[in-house]
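# Examination of the molecular architecture
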Amino acid sequence: MISEKIILASASPRRKELLKNVGYDFSIEVCDLEENSEKTKPWELVMDLAKVKAKAIMDHHEGEDVIVL
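The present account deals with the structure reproduced in this document. All figures in this text were calculated on a predicted structure; none of them were measured in a lab.

## Focus on the layout of surface pockets
Roughly 240 Å³ of volume is contained in the largest pocket. As for the largest pocket, its lining consists of Ala9, Ser10, Ala11, Arg15, Val30, Cys31, Ala50, Lys53, Ala54, Val68 and Leu69. Classifying every residue of the lining of the largest pocket by side-chain character gives 8 nonpolar, 1 polar and 2 charged.

Laid out in structure tokens, this is it:
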């Protein structure tokens, strides 16, 4: 089993349900950063914003063993 703390960085009810269904113990933390990016292609924009939000949550848990989804 995973020993690190798992953090779901999303308020999505579906993502929460999926993680619960596979039996993971996790917490939810939503990042309220402004969604700004210079990317124009939809897939690049989504990836860029996801990285920024995940990094913000990782920075909040600096020094801890966490997995941010």
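## Side note on the sheet that holds strand 3 (residues 66–68)
Taken in spatial order, the 3 strands make up an open sheet running 2-1-3, and their pairing is parallel. Looking at which strands have only one partner, the edges of the open sheet turn out to be strand 2 (26–28) and strand 3. Averaged over neighbouring strand pairs, the angle between their axes works out to 30° when direction is ignored. Alignment of strand 1 (residues 5–8) against strand 2, held across 3 bridges, turns out to be parallel. Of the residues in strand 2, the one forming a bridge with Leu8 is Ile28. Packed on one face of the sheet, helix 1 (residues 13–21) meets strand 1 and strand 2 and runs near 170° to strand 2.

Definitions and limits used
Residues numbered from 1 in each chain as written. Predicted model: local features only at pLDDT ≥ 70, side-chain atom pairs only at ≥ 80, totals over all residues. Heavy atoms only, no water. 1 Å grid on protein atoms, 1.4 Å probe; cavity = no way out; pocket = protein on both sides within 12 Å on 5 of 7 lines; lining within 4 Å. Points joined across faces, edges and corners; volume = space filled by probe spheres on them. Nonpolar A, V, L, I, M, F, W, Y, C, P; charged D, E, K, R; others polar. Pairing = 2+ DSSP bridges. Helix = DSSP H or I, 4+ residues; strand = E, 2+ residues; numbered from the N terminus. Axes fitted to C-alpha atoms, helices over the stretch in contact; angles between N-to-C directions. Contact = heavy atoms within 4.5 Å.

Geometry only, nothing functional implied.
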